[in-house]
Structures are given as structure tokens and as C-alpha cells.
Amino acid sequence: MDDPKQLMEEGRFEELAHDDHPLWRGLALLELRRWPQAARVFEEAPGGAQSGTLLELAGAAHWLAGEREIGVERWIAALDAEYDGPASRLKPEALLIYAGTRLGDERYVLRGTRLLKKSWKPKIQRIWPGPVAGYLLDMTDEKSFLEDGYSSPDLEARRLTSAHFWVALRKPQEAKQHYEASVAPEGAAVLEVEHHLAHGELPG
């Protein structure tokens, strides 16, 4: 089989859905809108219950399948899961704000905001997704949040898909254009949970 990264960049998701690694397999199933299968792959992966990234993606799969409460449960579980660095830990806290906003449940919004305030530090702001916290807490302006990018094409694709997703949440009147911008980057952007949630916010 070709390199998974190459398959992802070329949009060959049917092939990627047969990859040996559960992350690639689950991401491909998300792109193919086979959400219950994707959730199962992430949850049955070795260490899936301890991996923040896999719990985020499993939550997104359940959310997109219409099982929103289960999706939120996975994001809550991700709060105590393992991550590579302190900035990555901010993502499930932000996802609680997304869930609370979409469900009209202020409890999740307040909990996510409280946790972000507790976790946020100026040095985290320099490491993505640290700026997401700064933006949601009104410590970062929208222009710099959208425009301060990376020289690496892969990192920049991931940053853009994520940034536009959060601006869409904060600006409902402009949401459609930002969700469209969030799903526009392909390749490495598929690694971001926001890429898949943005697809779910758009018709079709």
C-alpha cells in the first residue's frame, strides 16, 4: 500500500480506509462519512481510551452520527487523557464550548471556558492550538488569529482549518464562509478534528 500521508493528500480515502493504523483508517472513514465505523475504529484502537487525539476524533464521529451526548462524553474523557504537550490539552476544553454552543447547554460552555482560563498561559499562545484558547477567551484578535501562520505547508493547513472553524463558531452571521474555508485545506488538515466537524456544519 502507498504511504498513508500520500493517500491522504491525494484524497484516496477508500484505500486509506484499509490502512493498518487505526488513526489513518478512522480519518479515512470520517472523510467517507462512515461515522459509526470511524467511531468504532478510534475506540477499539490500542490505547484509544487514553489518547486525547483518538478520543477527540471518536467524539466527532459520534457527534456527526447524531449521537451528540456520546460525542460530548468522549470529549470530556479527553480532558484527562494523554497529549504530546500542554497546548494540545486545550483542544477538548474548546470542544466543550463548541458542544455547549451547539446544544444550547450553558453548562458545557461555562466548564470549557473555566478550564481554558485555568490552562492558558502566554507561552502556550506560541504553540498551536494555544491561540485557539486565546481567541475564545478574547485575548487574541481575529485578524492575527486567522493570519499569523507557519512556513510549513502541513502545519499551516492544519492551523487554517482549525482557525476558521473557531471563527465560524464565534461569528454565526459569517459562519458558512468560515466553515467552507475550514474544509478547503486538504492533506494534513484532515488530521484536525475541526476539519470534520466543519464538514458536519455544511449542507450535503
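Residues numbered from 1 in each chain as written. Predicted model: local features only at pLDDT ≥ 70, side-chain atom pairs only at ≥ 80, totals over all residues. Heavy atoms only, no water.

1. Here's the deal with unusual backbone geometry
What is expected of a backbone is that most residues other than glycine have negative phi and most peptide bonds are trans. The test is simple: Only DSSP runs of H or I covering at least 4 residues are called helices, and only runs of E covering at least 2 are called strands; the numbering of each starts at the N terminus. Only protein chains enter the accessibility calculation, which uses a 1.4 Å probe. A residue is then buried if its area is under 20% of the maximum for its type, exposed if over 50%, and partly exposed in between.
The linkage connecting W128 with the following residue, P129, adopts the cis geometry, with an omega of 10 degrees. The phi dihedral of R33 falls on the positive side, at around 60 degrees, and the residue is not glycine. Checked against the element boundaries, R33 lands in the loop between helix 3 (22-31) and helix 4 (35-44). For D138, which is not glycine, the phi dihedral falls at a positive 60 degrees. Following the sequence through the fold, D138 ends up in the loop between helix 9 (130-136) and helix 10 (142-147). Relative accessible area serves as the criterion here: at 59%, D138 is assigned to the exposed category.

2. Quick look at the pattern of salt bridges
What counts here: What counts as a salt bridge is simple: a side-chain nitrogen of Lys or Arg found within 4 Å of a carboxyl oxygen of Asp or Glu.
If you walk through the whole model with that rule in mind, you get 18 salt bridges. A salt bridge links E192 to K91, with the shortest nitrogen-to-oxygen separation between them at 3.0 Å. Of this pair, E192 sits in the loop between helix 12 (175-183) and helix 13 (193-201) while K91 is found in helix 7 (residues 90-103), placing the two residues 101 residues apart along the sequence. Residue E192 shares its accessibility class with K91, and that shared class is buried. A salt bridge links E174 to K171, with the shortest nitrogen-to-oxygen separation between them at 3.5 Å. Given the relative accessible area of 25%, E174 is considered partly exposed. Overlapping salt bridges bring together K91, R158, E192 and E194 as one network.

Structural measurements only, silent on function.
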